[in-house]
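Spelled out, the chains give:
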2 protein chains.
Amino acid sequence: MKFSINRSVFIHNLTDVQRAISSRTTIPVLTGVKISVKEEGLYLTGSDATISIEAFIDAKDDDNKLKIESTGDIVLPSRFLGEIVKKLPSDMMNLEVVDNFQTEITSDRASFTLNGINGSEYPRLPEIDAKQTYILPTDTFKQVVNQTIISVSNQEIRPIFTGIHFEIGNGELKAVATDSHRLSQRIMPLTMPESAGDTVLDINIPGRSLQELIRIVDSNEDIEMMVTDNQVLFKARNIYLYSRLLEGNYPNTDRLLPNDHATIIEVSASELVNAVERALILSHEGKNNVVRLNISDQDIILSSQSAEVGNVEEEINVVKAEGEALEISFNPDYLREALKSFGQQNVQIGFQSSSHPFTLLPSDQTDNFNFVQLITPIRTPRG
Amino acid sequence: MKFSINRSVFIHNLTDVQRAISSRTTIPVLTGVKISVKEEGLYLTGSDATISIEAFIDAKDDDNKLKIESTGDIVLPSRFLGEIVKKLPSDMMNLEVVDNFQTEITSDRASFTLNGINGSEYPRLPEIDAKQTYILPTDTFKQVVNQTIISVSNQEIRPIFTGIHFEIGNGELKAVATDSHRLSQRIMPLTMPESAGDTVLDINIPGRSLQELIRIVDSNEDIEMMVTDNQVLFKARNIYLYSRLLEGNYPNTDRLLPNDHATIIEVSASELVNAVERALILSHEGKNNVVRLNISDQDIILSSQSAEVGNVEEEINVVKAEGEALEISFNPDYLREALKSFGQQNVQIGFQSSSHPFTLLPSDQTDNFNFVQLITPIRTPRG
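Please read these numbers as outputs of a predicted model, since none were measured by experiment.

**Digging into the overall build of chain A**
And step 1. Scanning chain A from N- to C-terminus turns up six helices and 27 strands.
And step 2. Projected onto the principal axes, the alpha-carbon positions of chain A cover approximately 80 × 55 × 35 Å.
And step 3. Restricting to contacts in chain A with at least 6 residues of sequence separation, those with at least 24 account for 67%.
And step 4. Accessible surface computed for chain A: about 17,700 Å², of which carbon and sulfur atoms make up 42%.
And step 5. Averaging the locations of the 34 positively and 54 negatively charged side chains of chain A gives two centres separated by 6 Å.

**Some details on the sheet that holds strand β15 (residues 201-206) of chain B**
Residue and element names in this part refer to chain B.
And step 1. Ordered in space as β15-β12-β13-β14-β27-β26-β25-β19-β23, the nine strands form an open sheet in which the pairing is antiparallel. Each edge of the open sheet is held by one strand with a lone partner, namely β15 and β23 (320-323). On average, each strand axis in the sheet is tilted by 15° relative to the strand beside it, whichever way the strands run.
And step 2. Across seven bridges, the pairing between strand β13 (residues 172-178) and strand β14 (residues 182-189) is antiparallel. Bridge pairing in β14 links L173 to M188.
And step 3. Against the sheet, helix α4 (residues 207-216) touches β12 (163-169) and β15, its axis set at about 80° to β15.
And step 4. Taken strand by strand, helix α5 (residues 269-283) contacts β19 (263-268) and β25 (346-351), and its axis lies near 95° from that of β19.

**Brief notes about helix α6 (residues 332-340) of chain A**
Residues and elements named next belong to chain A.
And step 1. Regarding α6, the residues found buried are P332, Y334, L335, A338 and L339. All buried residues of α6 lie within an arc of 155° about the axis, which places them on one face of the element.
And step 2. The inward-facing, buried residues of α6 contact β14 (182-189), α5 (269-283), β20 (291-295), β24 (326-330), β26 (358-362) and β27 (371-375).
And step 3. Taking the backbone nitrogen of D333 as reference, a side-chain oxygen 2.8 Å away marks N331 as the first, capping residue of α6.

**Some points on the packing of helix α3 (residues 138-148) of chain A against helix α4 (residues 207-216) of chain A**
Describing two packed helices takes the angle between their axes plus the distance from one axis to the other.
Residue and element names in this part refer to chain A.
And step 1. In contact at an axis separation of 10 Å, α3 and α4 are set at 140° when each is read in the N-to-C sense. If you check the angle between α3 and α4, you find them oblique. When the axes of α3 and α4 are compared, the crossing they make is left-handed. Across the interface between the two elements, F141, K142, V145 and N146 of α3 pack against L210, L213 and I214 of α4.
And step 2. Tallied by class, the residues present in the contact of α3 with α4 amount to five nonpolar, one polar and one charged.

**What about the pattern of salt bridges?**
All names here are of chain A.
And step 1. One pass over the structure, following the stated rule, counts 41 salt bridges over all chains.
And step 2. Taking the shortest distance from any N to any O, the salt bridge between K2 and E96 comes out at 3.9 Å. Taken together, the residues K2 in strand β1 (residues 2-6) and E96 in strand β7 (residues 92-99) connect sequence positions 94 residues apart.
And step 3. Residue K2 is classed as partly exposed on the basis of its relative accessible area of 30%.
And step 4. Classification of E96 as partly exposed rests on a relative accessible area of 27%.

**Details of the environment of T25 of chain B**
Residue and element names in this part refer to chain B.
And step 1. Structurally, T25 is set in the loop between α1 (7-18) and β2 (32-38).
And step 2. In this structure T25 touches L30 and T31, once residues within four positions along its chain are discounted.
And step 3. A polar contact is formed between the side chain of T25 and the backbone nitrogen of I27, at a distance of 3.2 Å.

**Observations regarding the UniProt feature "domain: DNA polymerase III beta sliding clamp central" (unreviewed entry) in chain A**
And step 1. Look at the UniProt record and you will see "domain: DNA polymerase III beta sliding clamp central" (unreviewed entry) annotated at residues 136-252 of chain A.
And step 2. Annotation note: span residues 136-252 of chain A, helix share 18%, strand share 39%, distance between end C-alpha atoms 24 Å.

**Notes on the interface of chain B and chain A**
And step 1. Tallying the contact residues gives 30 residues for chain B and 30 residues for chain A.
And step 2. For the pair chain B and chain A, the summed buried surface comes to about 2,700 Å²; carbon and sulfur atoms form 54% of the total.
And step 3. Considering only the side of chain B, the residues that lose the most area to chain A are R109, R278 and I281 of chain B, jointly responsible for 24% of the buried surface there.
And step 4. Where chain B packs against chain A, one counts six salt bridges.
And step 5. Counting the contacts that link chain B with chain A gives 16 residue pairs in polar contact (both at pLDDT 80 or more).
And step 6. Taken together, the elements giving at least two residues each to the side of chain B that touches chain A come down to α2 (78-87), β9 (110-115), α5 and β22 (310-315) of chain B.
And step 7. Of the residues contributing to the side of chain B that touches chain A, the split by class is 13 nonpolar, six polar and eleven charged.
And step 8. Relative to β22 of chain B, strand β9 (residues 110-115) of chain A is paired through five bridges, and the arrangement is antiparallel. Bridging from a neighbouring strand, S111 of chain A pairs with E313 of chain B of β22 of chain B.

**Notes on the packing of helix α1 (residues 7-18) of chain A against helix α2 (residues 78-87) of chain A**
All names here are of chain A.
And step 1. For the pair α1 and α2, the least separation of the axes is 10 Å and the interaxial angle reads 155°. The angle between α1 and α2 places the two elements in the roughly antiparallel class. Judged by the twist between their axes, the crossing of α1 over α2 is left-handed. Taken together, the residues of α2 that come into contact with α1 (itself represented by R7, F10, I11, L14 and Q18) are S78, L81, G82, V85, K86 and K87.

**A short note on the side chain of S151 of chain B**
And step 1. When you line up the elements, S151 of chain B lands in the loop between α3 (138-148) and β12.
And step 2. Residue classification places S151 of chain B among the buried positions, given a relative accessible area of 1%.

**Quick word on the environment of I160 of chain B**
All names here are of chain B.
And step 1. When you line up the elements, I160 lands in the loop between α3 and β12.
And step 2. Exposure remark for I160: the relative accessible area of 9% places this residue in the buried category.
And step 3. Residues I160 and A177, spaced 17 residues apart in sequence, show a C-alpha to C-alpha distance of 9.7 Å.
And step 4. Not counting residues up to four positions away in its chain, the partners in contact with I160 are N204, L246, E247, G248, N249 and Y250.

Criteria and thresholds
- Residues numbered from 1 in each chain as written.
- Chains lettered and ligands numbered in written order.
- Predicted model: local features only at pLDDT ≥ 70, side-chain atom pairs only at ≥ 80, totals over all residues.
- Heavy atoms only, no water.
- Helix = DSSP H or I, 4+ residues; strand = E, 2+ residues; numbered from the N terminus.
- Contact = heavy atoms within 4.5 Å.
- Areas by Shrake-Rupley, 256 points an atom, 1.4 Å probe, with all protein chains shown as cover.
- Lys, Arg positive; Asp, Glu negative; His and termini not counted.
- Charge placed at Lys NZ, Arg CZ, Asp CG, Glu CD.
- Pairing = 2+ DSSP bridges.
- Axes fitted to C-alpha atoms, helices over the stretch in contact; angles between N-to-C directions.
- Buried < 20%, exposed > 50% of the residue type's maximum accessible area, 1.4 Å probe, protein only.
- Arc of directions from axis to C-beta.
- Polar contact = N/O pair within 3.5 Å; in protein donor to acceptor, adjacent residues only side chain to side chain.
- Parallel < 35°, antiparallel > 145°, perpendicular 65-115°, else oblique.
- Left-handed = near helix turned anticlockwise from the far one by under 90°.
- Nonpolar A, V, L, I, M, F, W, Y, C, P; charged D, E, K, R; others polar.
- Salt bridge = Lys/Arg side-chain N within 4 Å of Asp/Glu carboxyl O.
- UniProt positions renumbered as here; feature names shortened; annotations may be inferred.
- Buried area = accessible area lost by both parts, 1.4 Å probe.

Shown next, in the form of structure tokens:
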């Protein structure tokens, strides 16, 4: 195996596949990047057993300056390979497997020899034999993921909640995530592949896989998605991201979304984010991390205190307020992330009582749950 | 005590004085910033007992928009004060000590109440009653500090080596630092104050104090320096930095600087830095962090290896090479920092043997020790 290549093309693709590699892996070969040289080009692969990312560098694309002298496979230590290629002196680099999987990387006068591992020891990528290919518009899909991933749980105790639940069928994609304290839901229209017919796809994709996917894709091209029983494959540009699906049935979350409210306020999401960020300077000091909202006839006050440091309160500017007076306490980090998912929009926040979950909806779309954030309050002695 | 002020002026000065505050202090009042309001303006002070930084905000300077309603002192928790003022909503902020050292900070609709400490509990700044004021040109002095501070020791076992030694007299300032593995020396011309006469000032200033000083000063104004028996005061713009001096006699380091060399090479400092940074990717993996330089009639090779990962070698481009063949091993981090202190200059590296310290001098100034970096090699089995 021997080739030379434009160094920045190699770095760019290496960085993409390294996203799949975990420093905490217990499988030694997965600390490496697999480099496969075939007649048609170069394949780089990184994996942590859940996610695998493969990049293809086309020999026919002149920008890549890829010149293949002989084909073959090798696995090289990911971190060192990355540090080395970033520090090489010239625009071009050469890579050659010499002897006993020892690999020589040269550029100008610098010459590295790295101890590699036989490429055949690297796990094979899953076979994806899917009947349908779904075409996801990149920008909208990125938004769907960003708006729901905030509620993904990082507790491995109930693995199904570490993913986003997708229901795809009847011309739409519905994404739901919950960690049992909060819930995010977003529905987007989606053109169904003809062969799909009435099929409704019901899958749970690990949050981390989606996080890495949206970091890699850029807006210029759609994402293709193919699903099998236990795997999903996303293809964007020259990158293939394979992810294991989470097993199990996602609970029905529709019944959690309340339809009527005792109190409703409408605010600018970004203005309220700023006030919440002021309040959490103090709430983060307390043991409970609680911020309180007091809605009365006169005014709406956000407040927090830390016995040691002091307290904060701020009158909130509202576009509209209606319904009953209310005092409610909550985790300000949840409210902050939920508000941020609305960007510069106005938000309608609907409350039932100080002990029931409250919802955030876009002000211009309050008659459905196409986009909703739900947060469970914290019961406090004073609440 | 009550005032209002332009918020970004307050933030800017607060950030400067916070540099003196250590999160590891064991003296509770020193976790705070002292705010003193006097008729003439606002004084902010931060301190860790070794360094104290005071900033003066002039009431007469219209840009400060400082409006004083009543004078007084308070100590407020540094970290919270910083987080709060950075997040306040408006361009202006108000601060008022209300009751029992409770302090109200308001801006637009946001209102914080912080638990303060009586200003009288804050330690007094040292009295500086110095006969002379030395005027340090900021840019040159910054360079002197940056070029020598790399050799300051971070081992508290021999406190004197945690500082830079200054000898000031006869029209020059000589700065020396050493951690016993390497040494940095830089001499700069300096206009003596008339009252100084033949006095030679011999002081040891903690490295950290100088580090903070050069972070705060900007190039527009000279730095004034005043020295007493155990304190130094630097004044730059509206900032006063007080530092304790290190006690004890600094050893005579002149005898460590060799005058003759068996082998001399001349290189571009920045080119060699790049090669050293490639070599240390692997040396950092080994237990010993060693890079080797092989100088022969044919070529000059920099190399390093890690049994686990692999090895690297690179032929070094030299402007000039003369003298005996040599193989020498050293800590690449020391060489890297020493080379970086030369910027884009060419450097003459002079060796006596593989076991004697070697020196780096600017190529255009090799007949004196106005600027020299010295590094002790590492003896290896093969060396």
